[in-house]
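Each chain is listed here by its residues.
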Amino acid sequence: MNIILFDDKNIRPNLLPLTFTRPVAEIRVGILTIAEKWQKFTGQPVSYLTQPYLQKKYSCNAELTANIYINGAVCPNADLLKSLKKLKPGKALFKNNVLLAFHGNEQVFETLADFYNFSNAVPKTFEEEVTIIQEVWEIFTRNGQQIKADFNLITKGRQSCPVTDPHTVVYAPENIFLEEGVKLRSVVLNAESGPIYLGKNCEVQEGAVIRGAFALGEGSMLNMGARMRGDITIGPFCKVGGEISNSVIFGNSNKSHDGFLGNSVLGEWVNLGADTNTSNMKNNYADVKLWNYAKGGMKNTGLQFCGTIMGDHTKCGINTMLNTGTVTGVSANVFGAGYPRNFIPSFTWGGAPGMETYQLPKFFESAARALERRQRVLDEVEKSILSNVYEQTKEYRTWEKA
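Residues numbered from 1 in each chain as written. Predicted model: local features only at pLDDT ≥ 70, side-chain atom pairs only at ≥ 80, totals over all residues. Heavy atoms only, no water.

(A) View of the pairing of strand β1 (residues 2-6). With five of its five residues buried, β1 lies for the most part within the structure. Burial along β1 is two-sided: N2, I4 and F6 and I3 and L5, pointing in opposite directions, are all buried. With five bridges joining them, β1 and strand β3 (residues 67-71) adopt parallel strand pairing. Counted as the bridge partner of I3 is I68 from β3. Each parallel crossover has a hand, and the one from β1 via helix α1 (residues 34-42) to strand β2 (residues 46-49) is right-handed. (Buried < 20%, exposed > 50% of the residue type's maximum accessible area, 1.4 Å probe, protein only. Helix = DSSP H or I, 4+ residues; strand = E, 2+ residues; numbered from the N terminus. Pairing = 2+ DSSP bridges. Right-handed = clockwise from strand over helix to strand, strands pointing away.)

Structure, rendered in structure tokens:
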């Protein structure tokens, strides 16, 4: 089967600002992105049916036969894969009114709009359990569960590289897996409460303490004295330190210094300045509300613990204080004394004392430098995506209307 991961029109708006710059299936939850999970599960490449402005970067490779369109918010499991293999052409699989998959066979959809205009699908109900990431906070609330699932998927039938450092302390070694090139020095690895996965060529420096479930991506670095409190994913090529709890960092991002990050999600190319701290619980212990783009206002998460959701390319200055339930858009630059508002629009420059627009030429100059540090280029495709996001998010920069 040829797998095409589509953006669910009802789910994607709830996953903004993270889905401004990527298809839903490129969200990282657990060790892998959802797209990578499908690739691992099926042993086949996947492609995307996403927003028109993202489609050039994330292509759709439809074939003339056996096109299976799968909801990009759905994490695969053995029961679902078994049902998909039995799904007949023209039939659609649903779970609680959520479209999980459609066997399009020879049907090729050029756009998401075309896909949602099909009306000849025969519905079928999926009775088993399945994880669907439908809200931004579910990325961290489901993360521990997904680390365990991905750990089993990635390590099955494989042998971990050994822990050779005599000063590293290991608890529950059967739940620890080191890829080739991992460097450890005087570290505590406690996998009694969940697996610990250390990716290829990553480094954990002296004095770091890690409690599972935990995943550190390829080429990433955990700095001296870091405290990782569990259910944490650090994506590839990140630099991380300080104290983190139940959070996901997608990749190519830095939180190198002291400061607390809890119950939060950071996109790519994010940088948190020294001693940036997130509040993840209100003083009155009430449920946390988050800005929701689909609603156009605050939405109750039903959670007592919820920190920050931060879009790609956003930066925070030193000593930044982020209030409970803060959402920052794409390409914001947050700094200054005091608590900034708990919804910071994309392309914002400033903080509590005042905000203005982070103009595109100035942002492109800064972003290009950030990418160059990691031998990457801010090409025209990326610029086009970010320019589109800039236009989409104008309505939220209310000061521009004054």
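(B) Fine view of helix α6 (residues 360-372). Helix length check: α6 (13 residues) gives 18 Å between terminal C-alpha atoms against 18 Å at 1.5 Å per residue, within 8%. Residues of α6 that are buried include every one of L360, F363, F364, A367 and L371, and no others. Along the axis of α6, the buried residues cluster in a sector spanning 100°; they form a single face. Opposite the packed face of α6, turned more than 90 degrees from it, sit the exposed residues P361 and E372. Buried residues belonging to α6 abut α7 (380-392). (Expected span 1.5 Å × (residues − 1). Arc of directions from axis to C-beta. Contact = heavy atoms within 4.5 Å.)

(C) Structural detail: the layout of surface pockets. Empty space within the largest pocket amounts to approximately 840 Å³. Together, 41 residues line the largest pocket, and R28, T33, E36, P236 and E268 are the ones closest to its centre. Within the residue set of the lining of the largest pocket, elements represented by two or more residues are α1, β19 (232-234), β22 (248-251) and α7. With four residues, α7 is the largest single contributor of residues to the lining of the largest pocket. Of the residues assigned to the lining of the largest pocket, the class counts are 17 nonpolar, nine polar and 15 charged. (1 Å grid on protein atoms, 1.4 Å probe; cavity = no way out; pocket = protein on both sides within 12 Å on 5 of 7 lines; lining within 4 Å. Points joined across faces, edges and corners; volume = space filled by probe spheres on them. Nonpolar A, V, L, I, M, F, W, Y, C, P; charged D, E, K, R; others polar.)

(D) How the structure looks around a positive patch on the surface. A cluster of basic residues, K82, K86, K88, K91 and K124, forms a positive patch on the protein surface. Mapping K124 onto the fold places it in strand β7 (residues 122-125). (Patch = residues over 30% accessible without salt bridge, like charges linked within 9 Å, V, L, I, M, F, W, Y side chains within 5 Å. Areas by Shrake-Rupley, 256 points an atom, 1.4 Å probe, with all protein chains shown as cover. Salt bridge = Lys/Arg side-chain N within 4 Å of Asp/Glu carboxyl O. Lys, Arg positive; Asp, Glu negative; His and termini not counted. Charge placed at Lys NZ, Arg CZ, Asp CG, Glu CD.)

(E) Up close: empty space enclosed by the protein. For the structure shown, the criterion picks out one cavity of 30 Å³ or more. Volume-wise, the largest cavity comes out at about 40 Å³. Forming the walls of the largest cavity are N14, L16, E135, V136, W137, L290, W291, N292, Y293 and K299. A per-element tally of the lining of the largest cavity places strand β28 (residues 289-292) first, with three residues. Here the lining of the largest cavity is composed, by residue class, of six nonpolar, two polar and two charged.

(F) Looking closely at the domain arrangement of the protein. As assigned here, the protein comprises domain 1 (2-134) and domain 2 (138-353). Domain 1 and domain 2 are separated by 27 Å when their C-alpha centres are compared. Contacts between the two partners involve 22 residues from domain 1 and, on the opposite side, 35 residues from domain 2. At the boundary of domain 1 with domain 2, total buried surface from both sides reaches about 2,200 Å², with 67% on carbon and sulfur atoms. Looking only at domain 1, the three residues that lose the most surface to domain 2 are L18, R28 and I31, adding up to 29% of its buried area. (Domains from an automatic or database assignment. Buried area = accessible area lost by both parts, 1.4 Å probe.)

(G) Here's a closer look at the packing of α1 against helix α2 (residues 78-86). With their axes 12 Å apart at the nearest point, α1 and α2 run at an angle of 70° to one another. It follows from the interaxial angle that α1 and α2 lie roughly perpendicular. Remark: the crossing between α1 and α2 carries right-handed chirality. Residues W38, F41 and T42 of α1 touch α2, and the partners they reach there are A78, L80, L81 and L84. (Axes fitted to C-alpha atoms, helices over the stretch in contact; angles between N-to-C directions. Parallel < 35°, antiparallel > 145°, perpendicular 65-115°, else oblique. Left-handed = near helix turned anticlockwise from the far one by under 90°.)

(H) Quick look at the sheet that holds strand β18 (residues 227-228). Taken together, six strands build an open sheet; the order of strands is β9-β12-β15-β18-β21-β24 and the sheet is parallel. Of all the strands in the sheet, just β9 (169-171) and β24 (260-262) have a single pairing partner and so form its edges. Looking at chain direction, β18 and strand β21 (residues 243-245) are connected through two bridges and run parallel. Its bridge partner being in β21, M228 is matched across the sheet by I244.

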